[in-house]
Amino acid sequence: MMLLAIEQGNTNTLFAVHDGEDWIVQWRTATAANRTADEYAVWLTQLLTMRGLELGTLKGCIISSVVPQSIFNLRNLARRYLGVEPLVVGQNVDLGMEARIEKPSEAGADRLVNAIGAHLKYPGDLIVIDSGTATTFDVIAADGAFEGGVIAPGINLSLQALHEAAAMLPRIAIQKPDRVIGKDTVSNMQSGVFWGYIALIEGLVARIKTEWGRPMTVIGTGGVASLFEGATDSIDHFDPDLTLRGLLDVWRRNSGKTP
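Residues numbered from 1 in each chain as written. Predicted model: local features only at pLDDT ≥ 70, side-chain atom pairs only at ≥ 80, totals over all residues. Heavy atoms only, no water.

A.B. asks: Break down the pairing of strand β2 (residues 12-18) for me, citing the residues and quoting the values.
C.D. replies: Successive side chains on a regular strand alternate, one facing one side of the sheet and the next facing the other. Judged by how many residues are buried, β2 sits mostly within the fold: 6 of 7 residues are covered. Pairing analysis gives 6 bridges linking strand β1 (residues 2-8) to β2, with the strands arranged antiparallel. Counterpart to I6 in the pairing with β2 is F15. Between β1 and the antiparallel strand that follows it, β2, lie 3 residues. What sits between β2 and strand β3 (residues 23-30) in their antiparallel hairpin is a turn of 4 residues, with G20 showing a positive phi close to 105 degrees. (Buried < 20%, exposed > 50% of the residue type's maximum accessible area, 1.4 Å probe, protein only. Helix = DSSP H or I, 4+ residues; strand = E, 2+ residues; numbered from the N terminus. Pairing = 2+ DSSP bridges.)

A.B. asks: Describe in detail the nonpolar core, supporting the description with residues and values.
C.D. replies: Core analysis: the biggest nonpolar cluster contains 30 residues, and W23, I62, V89, L95, L244 and L247 have the highest contact counts within it. Those residues in contact with W23 that sit more than four places away from it in its chain are L3, A5, A16, V17, H18, L244 and L248. Counting residues in hydrophobic clusters, the runner-up holds 25 residues, among them A37, L48, C61 and V84. (Core = buried A, V, L, I, M, F, W, Y, C linked by side-chain atoms within 4.5 Å. Contact = heavy atoms within 4.5 Å.)

A.B. asks: How would you sum up the packing of helix α3 (residues 109-121) against helix α6 (residues 242-255)? Please name residues and give values.
C.D. replies: At a closest axis distance of 7 Å, the pairing of α3 and α6 adopts a crossing angle of 90 degrees. By the angle between their axes, α3 is roughly perpendicular relative to α6. Facing V113, N114, I116, G117, A118, L120 and K121 of α3, the residues of α6 in contact are L242, T243, R245, G246, L247, D249 and V250. Among the residues forming the contact of α3 with α6, the class breakdown is 7 nonpolar, 4 polar and 3 charged. (Axes fitted to C-alpha atoms, helices over the stretch in contact; angles between N-to-C directions. Parallel < 35°, antiparallel > 145°, perpendicular 65-115°, else oblique. Nonpolar A, V, L, I, M, F, W, Y, C, P; charged D, E, K, R; others polar.)

A.B. asks: Give me the sheet that holds strand β10 (residues 237-238): which residues, what numbers.
C.D. replies: The strand order β8-β7-β6-β9-β10 describes an open sheet built from 5 strands, whose pairing is mixed. If you trace the sheet from one side to the other, it starts and ends with β8 (146-153) and β10, each paired once. Of the strands in this sheet, β6 (125-131), β7 (134-140), β8 and β9 (216-221) touch helix α5 (residues 185-212), which is tilted by about 20 degrees from β7.

A.B. asks: Tell me what's going on with the pattern of salt bridges, and back it up with residues and numbers.
C.D. replies: Oppositely charged side chains are able to pair whenever their charged atoms sit close together. Tallying each qualifying case throughout the model produces 11 salt bridges. Across the pair D249 and R253 runs a salt bridge whose closest N-O atoms are separated by 3.8 Å. Remark: R253 and D249 occur in helix α6; sequence separation between them is 4 residues, near one turn of the helix. The class of R253 is partly exposed, set by a relative accessible area of 42%. Via salt bridges that share partners, E98, R100, D143 and E147 belong to a single interconnected network. (Salt bridge = Lys/Arg side-chain N within 4 Å of Asp/Glu carboxyl O.)

A.B. asks: I'd like a rundown of the layout of surface pockets, residues and numbers included.
C.D. replies: To locate leftover empty space, one rolls a probe as large as a water molecule over the atoms. Volume-wise, the largest pocket comes out at about 910 Å³. The wall of the largest pocket is formed by 38 residues, among which D130, S131, G132, T133 and G223 lie closest to the centre. Listing elements by their share of the lining of the largest pocket, those giving two or more residues are β1, β2, β3, α3, β6, β7, α4 (155-165) and α6. By residue number, the principal contributor to the lining of the largest pocket is α4, which donates 5 residues. Classifying every residue of the lining of the largest pocket gives 11 nonpolar, 19 polar and 8 charged. (1 Å grid on protein atoms, 1.4 Å probe; cavity = no way out; pocket = protein on both sides within 12 Å on 5 of 7 lines; lining within 4 Å. Points joined across faces, edges and corners; volume = space filled by probe spheres on them.)

Here is the structure:
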């Protein structure tokens, strides 16, 4: 059975197809809250055709979204073009894990799914750092429970704010500078953003570990996490498949079928 998994963040939306054995294809598109089910269908049909697939071959769908106004259109995509009722994380779906926070309903679907994906692969207490529109630090207990964490502005968001708020500062690309002390405006900005985020990661990981009081494994994931690989010892593993692993587990738990 072919499964379509949709993971929607504030900046990008990931569409991935699982064939029962593995994730066979993945596509990303810019998140647009007003994109209709028909527009999604046209875009997805073209990409599926390029891989020799059809919408009709997709017999299951699971959606995780942090953009509530988009869920209606994504659900209609599954109903109208796949002929299936999608599972929507956060809407009467059994996650198989506990959110030990004051208001569990406030936990983002993406953070909960990441917690599941991390717990499936890594033993013990965990910190998951997801670098996207926001940079989140999620604490997962050894029993798989979501214990809360930290939300900080994402690196792209900070760079955009710096450019828009300061008239003399240009818009720049994120990259690892060769040295910390910049010699011109661009290298100054690159150093501040890149090494500033490394310092943010190292500082928060150290404080979380101290407060937690037990050893923790740190996993990095998300759109820009690969930028930090090799730049800090605070992250033990980089795992781009964390979210999809979690979504597949939620699907299997709730559908009663193995896609």
